[in-house]
Amino acid sequence: MRFSVQQHGFSLLELMITLSIIGIMMSMAIPVYSHYLVAARRAEAKTVLSKLALAMEKYHVENNTYQNATLANLHFMNMIANNTYRLTIQSAARHDYILVATPLNQQAKQDTTCGALTLNSLDEKGISGTGKITDCW
């Protein structure tokens, strides 16, 4: 009489190899995903800056000046992109303005290439980081 042994499940070696492969894949995927999130939040900040510029232009048409324009009276929140950027009107004079989206917390740590995004009344875009404006905008 013969007894046959049937294996059910995985051996410890198979399990360790599988976990190692998953670990290697995760170590590659997390930085890529993190970079994607930084870029997505920056894109949202750029969109809000552009919308704020349109609101500033409308304010100028109605008041013949940019002075006294505030985020509140233009109906904009000061925290944008899931609280990763602070939106400010840096200056608002009679004929010009400067808008700024400043990165906060992890966004500020991870996006040093672009840093704060600026947009002025002449539609000139700027950054505070070390990168190229064309890469950030």
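Before reading further, recall that the structure is shown in the block above.
Residues numbered from 1 in each chain as written. Predicted model: local features only at pLDDT ≥ 70, side-chain atom pairs only at ≥ 80, totals over all residues. Heavy atoms only, no water.

S.K.: I tried to follow the side chain of Asp111 on my own but got confused; where do I start?
M.R.: Among the structural elements, Asp111 can be located in the loop between helix H2 (105–110) and strand S4 (117–120). For Asp111, a relative accessible area of 2% gives the class buried. (Helix = DSSP H or I, 4+ residues; strand = E, 2+ residues; numbered from the N terminus. Buried < 20%, exposed > 50% of the residue type's maximum accessible area, 1.4 Å probe, protein only.)

S.K.: Would you mind going over the pairing of strand S3 (residues 97–103) with me for this structure?
M.R.: Successive residues of a regular strand alternate their side chains across the two faces of the sheet. The element S3 is largely enclosed, with a buried count of five among its seven residues. Where strand S2 (residues 85–92) lies against S3, seven bridges are found, and the strand directions are antiparallel. Along S3, the bridge assignment pairs Ala92 with Tyr97. Between S2 and S3, which pair antiparallel one after the other, the connecting turn spans four residues. Bridge analysis of S3 against S4 gives four bridges, and the strand direction is antiparallel. Bridging from a neighbouring strand, Ile98 pairs with Asn120 of S4. (Pairing = 2+ DSSP bridges.)

S.K.: Got a minute to help me understand helix H1 (residues 12–63) in this structure?
M.R.: An α-helical turn contains 3.6 residues, so any two residues separated by three or four positions project in the same direction. Look at H1: 74 Å from first C-alpha to last across 52 residues, which is about the 76 Å you get at 1.5 Å a residue. Inspection of H1 places Val38, Arg42, Ala45, Lys46, Val48, Leu49, Leu52, Ala53, Ala55, Met56, Tyr59 and His60 among the buried residues, and these make up the whole buried set. In this fold, the buried residues of H1 make contact with strand S1 (79–80), S2, S3, H2, S4 and helix H3 (133–136). One or two residues past the end of H1 sits Asn64, with phi positive at roughly 60°. (Expected span 1.5 Å × (residues − 1). Contact = heavy atoms within 4.5 Å.)

S.K.: What am I meant to see in a nonpolar patch on the surface here?
M.R.: Residues Phe10, Leu12, Leu15, Met16, Leu19, Ile22, Met26 and Ile30 make up a contiguous nonpolar surface patch of roughly 870 Å² in combined accessible area. Inspection of the secondary structure assignment puts Leu12 in helix H1. (Patch = residues over 30% accessible without salt bridge, like charges linked within 9 Å, V, L, I, M, F, W, Y side chains within 5 Å. Areas by Shrake-Rupley, 256 points an atom, 1.4 Å probe, with all protein chains shown as cover. Salt bridge = Lys/Arg side-chain N within 4 Å of Asp/Glu carboxyl O.)

S.K.: I'm lost on the pairing of S2 in this one. Help?
M.R.: Where S1 lies against S2, two bridges are found, and the strand directions are antiparallel. Directly across from Met79, in S2, lies its bridge partner Arg86. The hairpin turn running from S1 into S2, its antiparallel successor, is four residues long, and Ala81 in that turn takes a positive phi close to 55°.

S.K.: Looking at this model, I keep getting lost on unusual backbone geometry. Mind explaining?
M.R.: Negative phi values dominate among residues other than glycine, just as trans dominates among peptide bonds. One non-glycine residue, His75, adopts positive backbone phi at about 65°. The residue His75 is located in the loop between H1 and S1 in this model. Although it is not a glycine, Ala81 adopts a positive phi angle of roughly 55°. On the secondary structure map, Ala81 appears in the loop between S1 and S2. When its relative accessible area of 3% is taken as the criterion, Ala81 is described as buried.

S.K.: Looking at this structure, I do not really get the pattern of salt bridges. What am I missing?
M.R.: Think of it this way: side chains of opposite charge can pair up when their charged atoms draw near. Within this structure, the stated rule accounts for two salt bridges. The partner of Asp111 in a salt bridge is Arg42, and the shortest N-O contact between them spans 2.9 Å. Highlighted residues: Asp111 in the loop between H2 and S4 and Arg42 in helix H1, separated in sequence by 69 residues. Linking Asp123 and Lys125 is a salt bridge whose minimum nitrogen-to-oxygen distance equals 3.5 Å.

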